[in-house]
Structures are given as C-alpha cells and as structure tokens.
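# Geometric and topological summary
Next come the chains, spelled out residue by residue.
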Amino acid sequence: MHGAAEGERGVVTATIVRLHVEEDAGKSIHDRFPKRTAVDLNRSGVPLIEIVSGPDLRSPAEARAYLQTLKQLLEYIGISDCDMEKGSLRVDANVSIRRAGETTLNTRTEVKNINAFSFVEKALGVERDRQVALVESGGSVTQQTMLYDAKENAVRPQRSKEESHDYRYFPEPDLPPLILTAEFVAEQQSELPELPGAKRDRFVATYALSREHATVITSSRVVADYYENVVHAGAEPQATANWVMTEALADAKDHQEQLRVAPGALAQIIALVKGGTLSNQAAKKVFSEVAAKGGDPRTIAESLGVIQVADTNVIAGWVTDVLAAHPSEVERYKKGETKLMPFFVGQLMRASKGKADPKLAQRVLEEKLAP
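Residues numbered from 1 in each chain as written. Predicted model: local features only at pLDDT ≥ 70, side-chain atom pairs only at ≥ 80, totals over all residues. Heavy atoms only, no water.

## Considerations on the nonpolar core
Grouped together as the largest cluster of nonpolar side chains are 35 residues, with contacts concentrated most on Phe-203, Leu-209, Tyr-227, Val-261, Leu-266, Leu-278 and Val-286. Every element with two or more residues in this core is listed here: helix H4 (196-207), helix H5 (211-217), helix H6 (221-232), helix H7 (237-253), helix H8 (263-274), helix H9 (280-293) and helix H10 (297-304). In this structure Val-261 touches Tyr-226, Leu-266, Phe-287, Val-290 and Ala-291, once residues within four positions along its chain are discounted. With 23 residues, the next largest nonpolar core counts Ala-63, Leu-70, Ala-93 and Tyr-148 among its residues. (Core = buried A, V, L, I, M, F, W, Y, C linked by side-chain atoms within 4.5 Å. Buried < 20%, exposed > 50% of the residue type's maximum accessible area, 1.4 Å probe, protein only. Helix = DSSP H or I, 4+ residues; strand = E, 2+ residues; numbered from the N terminus. Contact = heavy atoms within 4.5 Å.)

## Details of H8
Helix length check: H8, at 12 residues, gives a terminal C-alpha distance of 17 Å against a target of 16 Å (1.5 Å per residue), a fit within 8%. Buried residues along H8 sit in contact with H6, H7, H9 and H10. One or two residues past the end of H8 sits Gly-276, with phi positive at roughly 85°. (Expected span 1.5 Å × (residues − 1).)

## Re the packing of helix H13 (residues 341-351) against helix H14 (residues 358-369)
Pairs of packed helices are described in terms of their axes, by the angle between the two and the distance that separates them. Where H13 meets H14, the closest approach of the two axes is 10 Å, and the angle between their N-to-C directions is 120°. Relative to H14, H13 is oriented oblique. When the axes of H13 and H14 are compared, the crossing they make is right-handed. On H14, the residues touching Met-341, Phe-344, Val-345, Leu-348 and Met-349 of H13 are Pro-358, Ala-361, Gln-362, Leu-365, Glu-366 and Leu-369. A breakdown of the residues in the contact of H13 with H14 according to their chemical character gives nine nonpolar, one polar and one charged. (Axes fitted to C-alpha atoms, helices over the stretch in contact; angles between N-to-C directions. Parallel < 35°, antiparallel > 145°, perpendicular 65-115°, else oblique. Left-handed = near helix turned anticlockwise from the far one by under 90°. Nonpolar A, V, L, I, M, F, W, Y, C, P; charged D, E, K, R; others polar.)

## Observations concerning the packing of helix H1 (residues 60-77) against helix H2 (residues 117-136)
Relative to each other, H1 and H2 sit at 150°, their axes nearing to 8 Å. In this view, H1 runs roughly antiparallel relative to H2, as classed from their interaxial angle. The hand of the H1/H2 crossing is right-handed. When H1 is examined against H2, the residues Pro-60, Ala-61, Ala-63, Arg-64, Leu-67, Gln-68 and Lys-71 are found in contact with a partner set consisting of Phe-117, Ser-118, Val-120, Glu-121, Leu-124, Gly-125 and Arg-128.

## A short note on the pairing of strand E4 (residues 36-40)
Two elements, strand E3 (residues 27-33) and E4, share four bridges in a ladder whose sense is antiparallel. Each bridged residue has a counterpart across the sheet, and for Ile-29 the counterpart in E4 is Ala-38. Between E3 and E4, which pair antiparallel one after the other, the connecting turn spans two residues, and Lys-35 there sits at a positive phi close to 60°. (Pairing = 2+ DSSP bridges.)

## Section: helix H11 (residues 312-325)
If you check H11, its first and last C-alpha atoms are 20 Å apart, about what 14 residues at 1.5 Å a residue would give, namely 20 Å. Of the residues making up H11, those classed as buried are Ile-315, Ala-316, Trp-318, Val-319, Val-322 and Leu-323. Burial along H11 is one-sided: seen end-on, the buried residues are contained in an arc of 165°. Every exposed residue of H11 that faces more than 90 degrees away from the buried side is listed here: Asn-313, Asp-321, Ala-324 and Ala-325. The secondary structure elements touched by the buried residues of H11 are helix H12 (327-334), H13 and H14. (Arc of directions from axis to C-beta.)

## Re the environment of Val-126
With respect to the helices and strands, the residue Val-126 is situated in helix H2. Residue Val-126 is classed as buried on the basis of its relative accessible area, which comes to 18%. In this structure the C-alpha to C-alpha distance between Val-126 and Val-230, which are 104 residues apart in sequence, comes to 45 Å. When near neighbours in sequence (up to four residues on either side) are disregarded, Val-126 contacts Asn-153, Ala-154 and Val-155.

Printed below as a string of structure tokens:
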C-alpha cells in the first residue's frame, strides 16, 4: 500500500507498511501539569486503526505534507473527524539520519506528545538536529522515545525503546487468516467517494481553475460540494471560486466552520455583481446580512439601499450637475488633462451617494466631455 503527497521533491510516495486495528488504551498527557504526567482514559476501549508508514520521507516538511494528505483522505472517506484536540487523530513520528551518500539509516528514535501538524514539523526538525549534532560530535543515537515540548520547542527522553521483537507479538491462534478477494476489494473501491486528488484534477479541467485555487476549494469535501452547488445554481466558476475562498471561508472560520449562505443565495449575489446591480463592496454587505439573517439577496440589497443605478438617463443627470459644479476642471480636461477623469468619477459617486454604476458613470462622463 502507498499514498502520495506533494512536498519539496514534488510528488512523494509514502509506503504504508502496516495498517491494523486496535483498542485505544487511553493516553498520557505530559504538558498539562508541570513535571507530572496525567492519564486520560476517556477513550479506552474505543476501536482505532494504526497506520505505519515506511521510511520514505526525507524532511519534516514532507512529513507534514504527508499527514495533511492522509488526514484529508480520511475526512473525505468519512471514517474520522481527525480532530487532534479530541484524540481522534494522534501522531507518533520516528526519526533517523544518515550521512550523504550512505544507504543505511542510523538508529531511530520516536517522538511523542505532538498535537498539531505544525508541531510535527517542528518536533522532527529539533530531533533531527539533535541527532546530527550528537553524531557529528562522535556520539551515537540510542533508540528511545522522546517527548516534544511545544512551549520550549525541545525534546527530552522519556524511556528507552524496545525493539519490535520485545513487544512479543505472536499470531492469535483462534483467529484464522482473513483473505480479501479481488472482487471484494473492487466492490469497496467502487463505493468510495471521489477522492481529493481526482476532485482537484476535475475542478481544474471542468471549471478552468488554477491548480492553487482548486487545491484550496477541494481541501474539504464540504467546501468542494458547496462550490459545485453554487456553480450548478448558475454562477460563473471563477467568480464562485473567488467568493468561496474569501467571503464564504472567512465567515465559516468565525462560525464553527458553517457555510451560512445557501449556494443558491451566493449564486444570486454573484449574478447581481455581474449584472451591475451591486458593486463588490455592496455585495459583501449583502453577503454578511444573508449569512446572519437569511433572506433573498436582492430584497436585502434594496433594504440596505446599496443597489447600483444603471439607468443612463439618471446617471446623465448626475453628470450634468457634476460638470456644472466644476467648470475649471472641465476646461482643463478638454485641453488634454485626461488624468482628471478619476476626479469626475469620484465627484459623481459622491453626488449619487455611491449608487451610480462606476463603469457606466465613466462612459457617460467621457461622452459629455468629448470635444
């Protein structure tokens, strides 16, 4: 078995050596009380799987990318919420070094007490540097378990580590071998949802998104489904991506990761901007109001008084007033000072209290100021 993650070397393949089922035995907590270890038995007896990967990762950054890829895959499949704070996902990381050009890895150590992917990267970096310094000074690495202290960004020994044979593994005589047929495996694969990599590639091909945008949008299955629902409601794909990556995700971050604006409502907001009914700034106000209270976006825009005026006759009236109020600037513009156009647009937006469609306003101004 193997999985792939994108890291410093491009796409890296990480072998999965073993994946087995256990019962959770609880966990030790080493950073809650100074110089003491607490024991949390709340999850004792809960089934868990342990995934053991091969020594295929070459840097702390690659290890972090691998874990993020694995977490995303588990969440997509729906077998875990992968919440490290709740103990749904835990990481123990093994580290070993070798000199450049050598093929045999040195003695490994295991780093525990890591509760965030960012800390995995930091802990591995600290332990790698410790081992390098030890070997460079003529010492040797002892196989042991190290504890990571996030506050100090340091590791300290917990206990010497047994070799695998010291765990006294032996086959359970009452459990016969479980043999999975190719047909069974194929059936299970057919029931899997579209996985992150395939979904990302499809979004790039189908919606003409950049790989960077597609990666953000498919980072969560919920967000990816939300994006597609907005597009299917009639919104333009790139505009939808922009709104989802900015306003929608920012609002979700502040509200327990809930996407509070319905896909159809966001599609309406995007359409109102595209049609010139709302400016981008006004649309953001409407989005916030819909997120907080629900309702029809156009009705809310009207109640907020932010609908843009796109009536040429109405805008022409404001243009006449603005030009009449600034005769010297009009004269200078007609003599070639075209850099005054932003001034006229600003004055018109002020006169219209921000309701004029800026693009239409500039077009009418240019017509009126033409020699």
